[in-house]
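Analysis of the macromolecular model
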Amino acid sequence: MTTFAELLLNGVSLGSIYALIALGFVVIFRATEVVNFAHASLLLAGGYFTAVLHEDIGFWLALLVGIGCAALVGAAVEFLVMRRYRGSDHSVLAIVTIGVDILLATELTRRIGTDILALGDPWGDAVVTFGPVSLAQTRIAAFLAAALLIAAFLLAFRHTSWGVAMRAAAENQETAALMGIRLGRVSLGAWAVAGGLAAVAALFLTVFPTPGLERSTSFAAMKAFPAAILGGLDSTNGALVGGLLVGVTESLATGYQGDLTFLGRGIGDLAPYLVMVAVLLIRPAGLFGTKEPARV
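A few points on the structure. Model, not experiment: these values are computed from the prediction.

1. A few points about the overall build of the protein
On a plain count of helices and strands, the protein comes out with eleven helices and two strands. Mapped from its N terminus to its C terminus, the protein presents α and β elements in the order α-α-α-α-β-β-α-α-α-α-α-α-α. Against the compact-globule benchmark of 19 Å for 296 residues, the protein has a radius of gyration of 19 Å, which places it among compact chains. Scored against the burial criterion, the 296 residues of the protein give a buried share of 47%. Here the contacts in the protein between residues at least 6 apart in sequence split such that 76% fall between residues at least 24 apart. Split by element, the accessible area of the protein, about 14,400 Å² in all, is 65% carbon and sulfur. The average position of the 17 basic charges and that of the 19 acidic charges among the side chains of the protein differ by 10 Å.

Here it is, written out as structure tokens:
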């Protein structure tokens, strides 16, 4: 029972990180109806800037700079690349994001090389004990930070002019434009917000118990992709639920993979995708996604 409780708590913490990444996918999709495959590079960029700056300016300031740089990279991608393809088919735009991801990831992995970069977080390898259950302080910090950021985003999404503009654009871009909403600003803000959220997620994906930031860290962003899909790409609440579901599933599958050897090795990495496929077989639009009306 102790093992199950530890795996469950770790899964919730990991799921909250995935929810931050999934929220970035959802924000961009709602603003532009484009699936952003360059999201992994935004995550890697935020983590990289934090890692290289923390020794010179301190962890907290480096984290703020990393968040700002990732947001700036996201905004630059939207302004310099995506805006040039506005009006193109959405599948074309998705392919463009793949190209952007390749360019950014190549440059970042060249800079990182074979090194493993520490981010200088203040929690270290400290562990908190609740009776028989032990949990790393970084996992607690990840959950609290993710909960705070997601709550702040949802409030802004509901009660600010930017949130109202994004919801209007998500409903009908042409009508929103006719009503005076500047779709370019909405899209630019969405990419910047997604980059900032990815930078925070990069921090908690690379601190204890993982060794640090490395060139393969960006692959973790793709684990959050099933969370966005099964929650519904156009649902902010779905990103939260999908992230928690993927995190708990991965944690439990990894923790009990010794009892699941008949399913093969690495079942923990595969489990989120299996859950995604199972959900999509029942609800093709995801758990909270809206089904597009079709005229027959």
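2. With respect to the packing of helix 2 (residues 39-57) against helix 4 (residues 90-112)
Following both chains from N to C, one finds helix 2 and helix 4 inclined at 30°, their axes separated by 9 Å at the closest point. If you check the angle between helix 2 and helix 4, you find them roughly parallel. Crossing hand, helix 2 versus helix 4: left-handed. Each of Ala 40, Ser 41, Leu 44, Ala 45 and Tyr 48 in helix 2 lies in contact with helix 4, whose residues at this interface are Asp 101, Leu 104, Ala 105, Leu 108, Thr 109, Arg 111 and Ile 112. A per-class count over the contact of helix 2 with helix 4 returns eight nonpolar, two polar and two charged.

3. Some details on the layout of surface pockets
Space inside the second largest pocket adds up to approximately 470 Å³. Lining the second largest pocket are 23 residues, with Leu 14, Arg 139, Thr 210, Lys 223 and Glu 250 sitting closest to its centre. Ranked by residue count, the leading element in the lining of the second largest pocket is helix 1 (residues 2-32), at five residues. Among the residues forming the lining of the second largest pocket, the class breakdown is eleven nonpolar, seven polar and five charged.

4. Quick notes on helix 6 (residues 161-171)
Residues of helix 6 that are buried: Gly 163, Ala 165, Met 166 and Ala 169. Take helix 6 and look down its axis: the buried residues cluster within an arc of 160°, on one side only. Away from the buried face of helix 6 by more than 90 degrees, exposed residues Ser 161 and Glu 171 are located. In this structure, the buried residues of helix 6 make contact with helix 1, helix 5 (137-159), helix 7 (173-178) and helix 8 (183-206).

5. Structural notes on unusual backbone geometry
Cis geometry marks the peptide bond from Phe 208 to Pro 209, where omega comes out at 15°. Following the sequence through the fold, Pro 209 ends up in the loop between helix 8 and helix 9 (219-231). The backbone of Glu 33 sits at a positive phi, close to 60°, despite the residue not being glycine. Relative to the elements of secondary structure, Glu 33 occurs in the loop between helix 1 and helix 2.

6. Some remarks on the pattern of salt bridges
Per the stated rule, a full pass over the model turns up four salt bridges. In this structure, Glu 250 and Lys 223 form a salt bridge, with 3.1 Å as the shortest nitrogen-oxygen distance. Here Glu 250 is found in helix 10 (residues 236-255), whereas its partner Lys 223 is found in helix 9, with 27 residues between them in sequence. What makes Lys 223 partly exposed here is its relative accessible area of 21%. When salt bridges with common partners are traced through the structure, they connect Glu 107, Arg 110 and Arg 111 into a single cluster.

7. Remarks on the packing of helix 2 against helix 3 (residues 59-80)
With their axes 7 Å apart at the nearest point, helix 2 and helix 3 run at an angle of 150° to one another. Classified by the angle their axes make, helix 2 and helix 3 are roughly antiparallel. Every pair of crossing elements has a handedness; the one defined by helix 2 and helix 3 is right-handed. Touching Leu 42, Gly 46, Phe 49, Thr 50, Leu 53, His 54 and Ile 57 of helix 2 are Phe 59, Leu 61, Ala 62, Leu 63, Val 65, Gly 66, Cys 69, Ala 70, Val 73 and Gly 74, all from helix 3. Counted by class, the contact of helix 2 with helix 3 contains twelve nonpolar, five polar and no charged residues.

8. Overview of helix 11 (residues 267-282)
Taking 1.5 Å per residue as the helical rise, helix 11 with its 16 residues ought to reach 22 Å, and the 22 Å between its terminal C-alpha atoms agrees with that figure. Every buried residue of helix 11 is listed here: Ile 267, Gly 268, Ala 271, Pro 272, Met 276 and Val 279. Where the residues of helix 11 are buried, they touch helix 9 and helix 10.

About the cut-offs
- Residues numbered from 1 in each chain as written.
- Predicted model: local features only at pLDDT ≥ 70, side-chain atom pairs only at ≥ 80, totals over all residues.
- Heavy atoms only, no water.
- Helix = DSSP H or I, 4+ residues; strand = E, 2+ residues; numbered from the N terminus.
- Rg over C-alpha atoms; globule rule 2.2 N^0.38 Å.
- Buried < 20%, exposed > 50% of the residue type's maximum accessible area, 1.4 Å probe, protein only.
- Contact = heavy atoms within 4.5 Å.
- Areas by Shrake-Rupley, 256 points an atom, 1.4 Å probe, with all protein chains shown as cover.
- Lys, Arg positive; Asp, Glu negative; His and termini not counted.
- Charge placed at Lys NZ, Arg CZ, Asp CG, Glu CD.
- Axes fitted to C-alpha atoms, helices over the stretch in contact; angles between N-to-C directions.
- Parallel < 35°, antiparallel > 145°, perpendicular 65-115°, else oblique.
- Left-handed = near helix turned anticlockwise from the far one by under 90°.
- Nonpolar A, V, L, I, M, F, W, Y, C, P; charged D, E, K, R; others polar.
- 1 Å grid on protein atoms, 1.4 Å probe; cavity = no way out; pocket = protein on both sides within 12 Å on 5 of 7 lines; lining within 4 Å.
- Points joined across faces, edges and corners; volume = space filled by probe spheres on them.
- Arc of directions from axis to C-beta.
- Salt bridge = Lys/Arg side-chain N within 4 Å of Asp/Glu carboxyl O.
- Expected span 1.5 Å × (residues − 1).

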